[in-house]
Amino acid sequence: MTAGATPKPTEPVTEHTEHPEITYIGCARCGTQIAGLDGRYACSGCGWVNEWTEGHRPLPGARRRTQGAPALRPHQP
């Protein structure tokens, strides 16, 4: 590198994690800082939500229940 030269920015190294990451952004409608999971956001202040395809990674697929798992029952008052 020559004197006075600045290094070029590099792509951030992203590792695939098993668990979702908590990410933060300013709401596109009202500016409130909101937290989301893997780049998917919903603002409780104004109701804005971003498109699900804007997430940082694909949504997980549905999984079948295993034989031993109990079925969910509706809540009865």
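Per-chain numbering applies: the sequence of each chain, read as written, is numbered from 1 onward. Residue-level local features of this predicted model are given only where pLDDT is at least 70; pairs of side-chain atoms are given and counted only at 80 or more, and the full residue set underlies all totals for whole chains, interfaces and linings. Each side-chain value is worked out from all heavy atoms of the structure, with water and hydrogens disregarded.

Undergrad: Looking at this model, I keep getting lost on the overall build of the protein chain. Mind explaining?
TA: For the purposes of this entry, the term helix denotes a DSSP run of H or I that reaches at least four residues, the term strand denotes a run of E that reaches at least two, and both are numbered from the N terminus. Within the protein chain, the secondary structure is distributed over zero helices and two strands. Only protein chains enter the accessibility calculation, which uses a 1.4 Å probe; a residue is then buried when its area is under 20% of its type maximum, exposed when over 50%, and partly exposed in between. Within the span of the protein chain, comprising 77 residues, buried residues form 17% of the whole. Pairs of residues are marked as contacts when any of their non-hydrogen atoms sit within 4.5 Å. For the protein chain, the proportion of contacts with a sequence separation of at least 24, taken over those separated by at least 6, is 9%. Method for areas: the Shrake-Rupley scheme with a 1.4 Å probe, in which residue coverage is limited to the protein chains shown. As displayed, the protein chain has an accessible area near 7400 Å², and 55% of this comes from carbon and sulfur atoms.

Undergrad: What exactly am I supposed to notice about the pairing of strand β1 (residues 22-26) here?
TA: Within a regular strand, the side chains alternate between the two sheet faces. Two strands pair when backbone bridges link them, and β1 and strand β2 (residues 33-37) are joined in this way by five bridges, in the antiparallel orientation. Note on β2: the bridge partner recorded for isoleucine 22 is leucine 37. For two strands to be treated as a pair, DSSP must find at least two bridges joining them. Remark: six residues form the turn of the hairpin made by β1 and β2, two consecutive strands paired antiparallel; glycine 31 in that turn has positive phi of roughly 90 degrees.

Undergrad: Honestly, unusual backbone geometry in this entry has me stumped. Any pointers?
TA: A positive phi is found at aspartate 38, a non-glycine position, where the angle reads about 50 degrees. If you trace the backbone, aspartate 38 turns up in the segment after β2. Among the residues examined, aspartate 38 registers a relative accessible area of 9% and is labelled buried.

Undergrad: What's the story with the side chain of arginine 40 in this structure? I'm lost.
TA: Within the element layout of this structure, arginine 40 appears in the segment after β2. The sign given to each residue is positive for Lys and Arg and negative for Asp and Glu; His and the chain ends receive no count. Salt bridges are identified by distance alone: a Lys or Arg side-chain nitrogen within 4 Å of an Asp or Glu carboxyl oxygen. Aspartate 38 provides the closest opposite charge to the buried, salt-bridge-free arginine 40, at an N-O distance of 5.1 Å. A distance of 2.8 Å separates a polar atom in the side chain of arginine 40 from the backbone oxygen of arginine 57. Discounting chain neighbours no more than four positions away, the residues touching arginine 40 are Asn50, Trp52, Gly55, Arg57, Pro58 and Leu59. Whenever a nitrogen or oxygen atom comes within 3.5 Å of another N or O atom, the pair is scored as a polar contact, on the condition that within protein one atom can donate a hydrogen and the other can accept it, and that pairs from neighbouring residues in sequence are kept only if both atoms are in side chains.

Undergrad: Teacher, can you tell me more about the pattern of salt bridges here?
TA: Where side chains of opposite charge bring their charged atoms close, a pairing between them can arise. Throughout the structure, instances matching the rule amount to one salt bridge. With its nearest N and O atoms 2.9 Å apart, the salt bridge here joins aspartate 38 to arginine 57. Of this pair, aspartate 38 sits in the segment after β2 while arginine 57 sits in the segment after β2, and the two are 19 residues apart along the sequence. Neither aspartate 38 nor arginine 57 differs from the other in exposure class; each is buried.

Undergrad: Any chance you could explain a nonpolar patch on the surface here in plain terms?
TA: A cluster of nonpolar residues, Ile22, Tyr24 and Leu37, forms a patch on the protein surface that exposes about 350 Å² of accessible area. Residue placement: tyrosine 24 occurs in strand β1. Residues form patches when they are more than 30% accessible in relative terms and have no salt bridge. Like charges link within 9 Å. Nonpolar side chains (Val, Leu, Ile, Met, Phe, Trp, Tyr) link within 5 Å.

Undergrad: Looking at this model, I keep getting lost on the confidence of the model for the protein chain. Mind explaining?
TA: Detailed conclusions should not be drawn from predicted coordinates in areas where pLDDT is low. Per-residue confidence for the protein chain averages 76 on the pLDDT scale, and 69% of its residues sit at or above 70. Confidence of the predictor at the level of single residues is captured by pLDDT, which takes values from 0 to 100. Scored below 50 in pLDDT, residues 5-13 shows one contact in the model against residues more than four places distant or in partner chains.

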